Amino acid sequence: DAMCIDQIDPASFDQAIVVDGTWSQARSIMFHDQTVREFRTVTIHPRITRFWRFQNTDRSHMATIEAIYFLYRDFITNRLQLEERNGEKMLDQVSDSSSAATATTTIAAGSDGYDGRYDDLMFYY
């Protein structure tokens, strides 16, 4: 029943709760914790993990930090594309005017609009 993040209006939420643990632990929390089960759930598009670590599952099962990175990245990309289609300004999306110019140029060039703002999340991983 989870919807993909790019199918959800980005203005409909402003917080995300991420269940952290092994895949088995996360499934157990999602199944047994009534409070967690009441939250709306979202997914990200499947991707192949780019980092080594032993998994008893396939290569699309990411570490939590990878999932958070792609959640943020997909969210901002979806929001920027929606704002571009609606002719809206990018409100509070960039930290300074040079970034705003870069983001605007990227969108105008026809890319997905992502400007790399979350790439540092993966630095320590």
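Everything below is about the structure printed above this text.
As a starting point, this report considers the structure included with it. (Residues numbered from 1 in each chain as written. Predicted model: local features only at pLDDT ≥ 70, side-chain atom pairs only at ≥ 80, totals over all residues. Heavy atoms only, no water.)

### Some details on the overall build of the protein
Alright, step 1. Scanning the protein from terminus to terminus reveals four helices and two strands.
Alright, step 2. Listed by position from the N terminus, the elements making up the protein come as β-α-α-β-α-α.
Alright, step 3. Here the protein holds 125 residues, and the buried ones make up 22% of them.
Alright, step 4. Taking all contacts inside the protein whose residues are at least 6 apart in sequence as the whole, residues at least 24 apart take part in 58%.
Alright, step 5. With the model as given, the accessible surface of the protein reaches about 9000 Å², and the carbon-plus-sulfur share is 53%. (Helix = DSSP H or I, 4+ residues; strand = E, 2+ residues; numbered from the N terminus. Buried < 20%, exposed > 50% of the residue type's maximum accessible area, 1.4 Å probe, protein only. Contact = heavy atoms within 4.5 Å. Areas by Shrake-Rupley, 256 points an atom, 1.4 Å probe, with all protein chains shown as cover.)

### Section: the packing of aromatic side chains
Alright, step 1. Following the criterion strictly, the structure yields three aromatic pairs and no others.
Alright, step 2. Judged by centre distance (5.0 Å) and plane angle (50°), the ring pair of Tyr-72 and Tyr-118 falls under tilted. Taken together, the residues Tyr-72 in helix H3 (residues 64–86) and Tyr-118 in the segment after helix H4 (97–108) connect sequence positions 46 residues apart.
Alright, step 3. Since its relative accessible area comes to 35%, Tyr-72 is described here as partly exposed.
Alright, step 4. Residue classification places Tyr-118 among the partly exposed positions, given a relative accessible area of 23%. (Phe/Tyr/Trp six-rings, centres within 6.5 Å; stacked < 30°, edge-to-face > 60°.)

### Some remarks on the layout of surface pockets
Alright, step 1. Approximately 1300 Å³ is the volume found for the largest pocket.
Alright, step 2. Along the wall of the largest pocket there are 37 residues; nearest its centre are Ile-17, Val-18, Val-19, Val-42 and Ala-67.
Alright, step 3. Top contributing element to the lining of the largest pocket by residue count: helix H1 (residues 23–32), with five residues.
Alright, step 4. Looking at side-chain class alone, the lining of the largest pocket contains 21 nonpolar, 13 polar and three charged residues.
Alright, step 5. There is about 160 Å³ of room inside the second largest pocket.
Alright, step 6. Along the lines of polarity and charge, the residues of the lining of the second largest pocket split into six nonpolar, one polar and two charged. (1 Å grid on protein atoms, 1.4 Å probe; cavity = no way out; pocket = protein on both sides within 12 Å on 5 of 7 lines; lining within 4 Å. Points joined across faces, edges and corners; volume = space filled by probe spheres on them. Nonpolar A, V, L, I, M, F, W, Y, C, P; charged D, E, K, R; others polar.)

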